[in-house]
Amino acid sequence: MLRRRLNRLCGGDEERVDSRTIYVGHRPCPDTEAFIPSKFCDNRIVSSKYTVWNFLPKNLFEQFRRIANFYFLIIFLVQVIVDTPTSPVTSGLPLFFVITVTAIKQGYEDWLRHKADKEVNKYPVTVLEDGRSVKKESEKIKVGDVVEVVEDETFPCDLILLQSSREDGTCFVTTASLDGESNHKTHYTVPDIEKDLQTLTSAIECEQPQPDLYKFVGRMHIYKLEQEPVVRSLGPENLLLKGATLKNTKKIYGVSVYTGMETKMALNYQGKSQKRSAVEKSINAFLLVYLSILISKAVVCTTLKYVWQSKEGQDEPWYNQKTQKEKDTNMYLKMFTDFLSFMVLFNFIIPVSMYVTVEMQKFLGSFFITWDKDFFDPEIQEGALVNTSDLNEELGQVEYVFTDKTGTLTQNNMEFIECCIDGFQYRYRDTQSEVDGFTVTDGPVNKLQQKAGWEKEELFLRALCLCHTVQVKEAGSEVLVDQVDGIDGLLSQPEEERGFIASSPDEIALVKGAMKYGFTFLGLESKSMKIKNRQNDIEEYKLLHVLNFDPVRRRMSVIVQTKSGETLLFCKGADSSIFPRVRPEEVDRIRMHVERNATEGYRTLCVAYKQLSAEEYAMADTGLREARLALQDREEKLMAMYNQVEMGMSLIGATAVEDRLQEEAAETMEALQGAGMKVWVLTGDKMETAKSTCYACRLFQRGTELLELTVRTLEDEKLNSDQKLHELLQEYHNKAVKDAPPVKAGVTRSWSTANQDYGFIIDGATLSLLMNPPHDADASQYKSLFLQICQNCTAVLCCRMAPLQKAQIVKMVKNSQGSPITLSIGDGANDVSMILEAHVGIGIKGKEGRQAVRNSDYAIPKLKHLKKLLLAHGHLYYVRIAHLVQYFFYKNLCFILPQFLYQFFCGYSQQPLYDAAYLTMYNICFTSMPILAYSLLEQHISIEILLHNAALYREIANNAMLRWRPFLYWTVLGIFQGLMFFFGVRFLFSNPALQDNGQVFGNWSYGTIVFTVLVFTVTLKLALDTRHWTWINHFVIWGSLAFYVFFSFFWGGIIWPFLKQQRLYFVFANVLSSVSAWLVIIILILLSLLPEILLVVLRKPRGHHSQQKKQSQSNVGGNQSSQSSARPLLMRTFSDESNSVM
């Protein structure tokens, strides 16, 4: 006790700050001086953002952080404070509508989160208290409680496994809801724990909560009467995570160590960085232009007002004398209030409702991806998933695709092909004539008919049977297809129904490969591994230690003890990690086979072993146990011990496992390249294996010249690696960049034989050298050369990549000149970093768990679905939203320009042209629904043609439809139509008698006629642009026009008691009683749309498009309409393609 106090004072023990102490069952331990229970958070999960009390202030604060909303709030406040020409309602109501719709959407989403939280927090659980099982709500669990969980229940918090109903003290768990891995993981109870948990007195020291699902460091002190306390190490194998499910185990007891928001599941769900699309940047740029137009208009009108009033008699005419207060007002203050009044009058040029429409378009549009039946995969009974609807249009702008190899380009469905033992090749043939199942084919000529010794063969097969973490699944239990690989007719009837459960398909393939040659793994019971050899004898091995696989070491080992007392270490791993640890003369015999198998596209693993003497094992055992008990730097200490134990091994042989290509992988890659995208393959696999996959996927062609920048090419006796790297980069740059002929924009592969195609290959070690060169080298120059070479290559292969390096490459390309849009696609946990780094992250619902899916923006079942996602959905989403944005600015310019022109004819008196109701309803009701329907349903080119002709994707590349040229076109169109509306109606009013009774129209009639022409023109403009008509389009377009007419009659036909002055009383009906007004309305609508109609009718289709159209129609079936749009793509929002009518 004195020593412990001194340690605490002097800091001799490991630091307590980074750890927590938990007393099992809240029972104090014998040697604690004073038991003060620690305070930890309760087990409530809170994923919601708001509460009832803070919803309003918090939500309003978040919404007014948006520049457009804040701007309209300022305008509204100006209208309230300053005497402005329009009512505060005109800007207040649209703002209120926008804020309310967004608040309702966000409130509803948060209510769903509250509901889900309540369901989890109120879930009934069983807790042991004073020898009794007590039912409690999940949120009332405290750290230190002993919790009972039965089969198929999920764990309510993070638990240390104390007791299991299984005899061997293990339990099976699935973590599908955490990382998506549906395979069964084995967890172990802590040794030396008494059966009666009520008498258990122990304390757990463990690390503070952290989000890594696969890391846990702790130790448990177990106190027994009149005995020294026993200390046991705790690792991830003892920790049961909240959200995981208990399987194939009737009941377990565990002590809670992390609860509520400190559980690993809760820590993992906190925050993914928000990605923003390039379209939003364009919107902001256009907003600044329109804001400057608004300010210019206000400045011009204010200046002209005071110029006009400076003339004699204009400032104070006899009929409008100033009051004393007006005379006393400061001149500059009056000018400023006039400026604000003009700002308020013209502020509708900034479209506040566009933000809501864009949000709704993105949210509703994302459902079309999830509803697409082509994305449904019958094998896993799932379709596509959208995690982020903000990036739909970004799918149509991708320039670089970064893809993983294993599980993405390939199926991750492993099949054992052959093995090499002691330099001899063994390929299995399923024929009855063979006695032992071994055949030698295609070996070295001088060894063709020879075999490795019987002992070597058996040693190799034992290594395959023992060096793994596979579990045997007995028959009769329900297991998913992709978890279990059944065993065919090599076993007796009960055994042939046995299946295997493993965390990796490689392991099952190797165990099944050993079975083909007569060695069968029977399972692990109480640390005892049983295998059946070729003589059908059962061999038993005591499992002493498992040295787990990790991506850095790229190998795993087991230490086992035979019946005769021998201690053996078996190790398997990548050739790069095994070869340096064995004798060089053994490597030469195996290397040739490994390289040949890799060239053929097989995944290879090397197998080695080592016999440990009693002294060696004692040292290894002590070192491993001490490292596992460490609370600080446990990972580093274990790594050092693993490396120490795995030295001086003997190489036995190697295995070759085939991982087949994904369905339609080659066609998909070819389509992406045809669409102008550069494809980079980023993999941790060997160069030869990855290279053969690239050839199979048609990323590299036969004529492609490969530029290799790997450890092998950097070997030079005269130059060091850094000098050689610089020399090679310069050489490749001259070849691929300087000497290459100029390539047309968007064309990735030169199909003619005149130009040479280049492929680039780099490995992880060289990339590290390139990213972090010696101090005297220029890192930016290296990166610049590297990027320029890669940009001129048709495909790039990066092999032997660590997960972080994948993200580094994506980041480097993303931040390169031009800021190209990047897309990353992968299926495993090692792809998460690059998926999060890219502009668009796509997860594949593969066999390596669902971490990639959980962190992605979009998830698809198979790689082949990427083609439609980008070429069809991405293309259409981009065109729709680009049209939506341009159309919104255009219709608001048409709306406000006549108001501006009107000031020149009313003495700059800030007199509004339109009624307040029209100002308020224009963007909310009269013109909002048609563009929303268009932006959800438009197909300017049919999906079949988009998929068939990948080159169409290039036409919208580089944000083509939201550049300044199309923006200028829409702006000029808006100005032309605004001038037409105003001066056309003014021409009508040059005739003083427009009615039969000789009465003249007033200013509100003038504004109403202008507004009517405006609403009909902008709506019919959208109808002209629509290429894909559905009943919804018809309903909203004609319905909006009908609603406007109905509203105008209704608003002007009743005396409203809440209005001080009713400007439009019977104005609309009165206007329509004039034949001249009817005629002018119709003529002005036709004249305004005439340029549009003439361009469509007169311009001929472009040759490239007409040929492509004929070809596409002949392939698709000729169902498309023969009409084609004639305006260039940059001027219109649709291409000169088909006009499909539904």
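What you see is a predicted model; the values in this text were computed from it and never measured.

Student: Where do I start with the UniProt feature "active site" (unreviewed entry) in the protein in this structure?
Tutor: Summarizing the sequence annotation, UniProt attributes the feature "active site" (unreviewed entry) to Asp404 in the numbering used throughout. Position of Asp404 relative to the elements: it lies in the loop between strand S15 (400-403) and strand S16 (410-421). If near-sequence neighbours (up to four positions away) are discounted, Asp404 is found in contact with Leu409, Leu682, Thr683, Lys806, Ile825, Gly826, Asp827, Asp831 and Met834. Here the side chain of Asp404 touches Lys806 through a polar contact of 3.3 Å, side chain to side chain.

Student: Would you explain the sheet that holds strand S30 (residues 795-799) in this entry?
Tutor: Sheet architecture is open: nine strands sit in the order S14-S33-S32-S31-S15-S27-S30-S29-S28, paired in mixed fashion. The open sheet has two edge strands, strand S14 (385-386) and strand S28 (705-709), and neither has a second partner. Bridge analysis of strand S29 (residues 758-763) against S30 gives five bridges, and the strand direction is parallel. In the sheet register, Ile762 faces S30, and the bridge partner there is Cys798. Packing against the sheet, helix H22 (residues 764-771) makes contact with S28, S29 and S30, and its axis sits at approximately 85° to S29.

Student: Looking at this structure, how should I read the pairing of strand S25 (residues 603-612)?
Tutor: The buried fraction of S25 is high, at seven of 10 residues. In terms of strand pairing, strand S24 (residues 567-573) meets S25 through seven bridges, oriented antiparallel. From the neighbouring strand, Gly573 faces S25, where its bridge partner is Cys606. Sheet topology note: the S25/strand S26 (residues 650-661) ladder contains seven bridges and is antiparallel. Within S26, the position partnered with Ala608 by the bridge is Leu651.

Student: Please clarify how the nonpolar core should be interpreted in this entry.
Tutor: Across soluble globular proteins, nonpolar side chains show a tendency to be buried alongside one another. Core analysis: the biggest nonpolar cluster contains 98 residues, and Val885, Phe895, Tyr914, Tyr918, Phe1011 and Leu1014 have the highest contact counts within it. No other element matches helix H27 (residues 865-902), which puts 18 residues into this core. Ignoring sequence-local partners within four residues, the contact set of Tyr914 consists of Cys894, Phe895, Pro898, Gln899, Leu919, Trp1004, Gly1007, Val1010, Phe1011 and Leu1014. In terms of nonpolar packing, the next biggest core, distinct from the first, is built from 42 residues, Phe375, Leu699, Leu797 and Ala950 among them.

Student: Would you explain the pattern of salt bridges in this entry?
Tutor: Pairing between side chains of opposite charge can happen when their charged atoms approach one another. Enumeration according to the criterion identifies 36 salt bridges in this entry. Note that Glu507 is salt-bridged to Lys572, the shortest N-O span being 3.1 Å. Of this pair, Glu507 sits in helix H13 (residues 505-516) while Lys572 is found in strand S24, placing the two residues 65 residues apart along the sequence. Per residue, the accessibility class of Glu507 equals that of Lys572, and both read buried. Through salt bridges with shared partners, a single network forms among Asp377, Glu379, Glu663, Lys862 and Lys864.

Student: Where do I start with the environment of Arg219 in this structure?
Tutor: Along the chain, Arg219 turns up in strand S9 (residues 218-223). Taking relative accessible area as the criterion, Arg219 reaches 14% and is therefore assigned buried. Taking C-alpha positions, Arg219 is 8.3 Å from Gly235, a pair spaced 16 residues apart along the chain.

Student: Looking at this structure, I do not really get the sheet that holds strand S10 (residues 230-234). What am I missing?
Tutor: The strands making up a sheet are joined through hydrogen bonds of the backbone, oriented either antiparallel or parallel. Taken in spatial order, the four strands line up as S1-S8-S9-S10 in an open sheet, and their pairing is antiparallel. A single partner strand is all that each edge strand has here, and the edge strands are strand S1 (19-23) and S10. Looking at each pair of strands side by side, their axes are set apart by 20° on average, direction ignored. Two elements, S9 and S10, share five bridges in a ladder whose sense is antiparallel. In the strand pairing of S10, Met220 is matched with Arg232. Taken strand by strand, helix H16 (residues 614-629) contacts S9 and S10, and its axis lies near 80° from that of S10.

Student: What is the right way to read the environment of His733 from this model?
Tutor: Structurally, the position occupied by His733 is in helix H21 (residues 721-738). Here the alpha-carbon distance between His733 and Ile789, two residues 56 residues apart in the chain, equals 5.5 Å. Excluding its chain neighbours within four sequence positions, the residues that come into contact with His733 are Lys738, Leu785, Gln788 and Ile789.

Student: How should a nonpolar patch on the surface be read in this particular structure?
Tutor: Taken together, the side chains of Leu1024, Leu1079, Ile1083, Leu1087, Leu1090, Ile1093, Leu1094, Val1097 and Leu1098 make up a nonpolar region of the molecular surface, amounting to roughly 770 Å² of accessible area. Examining the composition of the nonpolar patch, we find that eight residues originate from one element, helix H35 (residues 1075-1098), more than from any other. With respect to the helices, strands and loops of the structure, Leu1087 is situated in helix H35.

Student: Can you help me understand the packing of H27 against helix H28 (residues 916-926) in this one?
Tutor: When two helices pack together, their arrangement is given by the angle between their axes and by how far apart the axes lie. Running from amino to carboxyl end, H27 crosses H28 at an angle of 165°, the nearest separation of the two axes being 11 Å. Considering the angle they form, H27 stands roughly antiparallel to H28. Judged by the twist between their axes, the crossing of H27 over H28 is right-handed. Where H27 approaches H28, its residues Phe888, Lys891, Asn892 and Phe895 are matched on the opposing element by Tyr918, Leu919, Tyr922 and Asn923. Classifying every residue of the contact of H27 with H28 gives five nonpolar, two polar and one charged.

Student: Would you explain the packing of aromatic side chains in this entry?
Tutor: Any two aromatic rings considered together are summarised by their centre-to-centre distance and by the angle between their planes. By the definition in use, this model includes 48 aromatic pairs. Relative to Phe786, the ring of Trp680 has its centre 6.3 Å away and its plane inclined at 80°; by these criteria the two rings are edge-to-face. With Trp680 in strand S27 (residues 678-682) and Phe786 in helix H23 (residues 779-791), this residue pair connects regions lying 106 residues apart in the sequence. Take Trp680: its relative accessible area is 1%, and that puts it in the buried class. Taking 5.7 Å as the distance between ring centres and 65° as the angle between the ring planes, the aromatic pair formed by Tyr922 and Phe1011 counts as edge-to-face. With Tyr922 in helix H28 and Phe1011 in helix H32 (residues 1003-1025), this pair connects stretches of sequence that are 89 residues apart. When sorted by exposure, Tyr922 lands in the same class as Phe1011, which is buried. Taken together, Phe895, Tyr914, Tyr918, Tyr922, Phe926, Phe1011, Phe1016, Phe1043, Tyr1044 and Phe1047 form an aromatic cluster joined through their ring pairs. Lys297 extends its terminal NZ or CZ atom over the ring of Phe346, reaching a point 6.0 Å from the ring centre.

Basis of the calculations
- Residues numbered from 1 in each chain as written.
- Predicted model: local features only at pLDDT ≥ 70, side-chain atom pairs only at ≥ 80, totals over all residues.
- Heavy atoms only, no water.
- UniProt positions renumbered as here; feature names shortened; annotations may be inferred.
- Helix = DSSP H or I, 4+ residues; strand = E, 2+ residues; numbered from the N terminus.
- Contact = heavy atoms within 4.5 Å.
- Polar contact = N/O pair within 3.5 Å; in protein donor to acceptor, adjacent residues only side chain to side chain.
- Pairing = 2+ DSSP bridges.
- Axes fitted to C-alpha atoms, helices over the stretch in contact; angles between N-to-C directions.
- Buried < 20%, exposed > 50% of the residue type's maximum accessible area, 1.4 Å probe, protein only.
- Core = buried A, V, L, I, M, F, W, Y, C linked by side-chain atoms within 4.5 Å.
- Salt bridge = Lys/Arg side-chain N within 4 Å of Asp/Glu carboxyl O.
- Patch = residues over 30% accessible without salt bridge, like charges linked within 9 Å, V, L, I, M, F, W, Y side chains within 5 Å.
- Areas by Shrake-Rupley, 256 points an atom, 1.4 Å probe, with all protein chains shown as cover.
- Parallel < 35°, antiparallel > 145°, perpendicular 65-115°, else oblique.
- Left-handed = near helix turned anticlockwise from the far one by under 90°.
- Nonpolar A, V, L, I, M, F, W, Y, C, P; charged D, E, K, R; others polar.
- Phe/Tyr/Trp six-rings, centres within 6.5 Å; stacked < 30°, edge-to-face > 60°.
- Lys NZ or Arg CZ within 6 Å of the ring centre and 35° of its normal.

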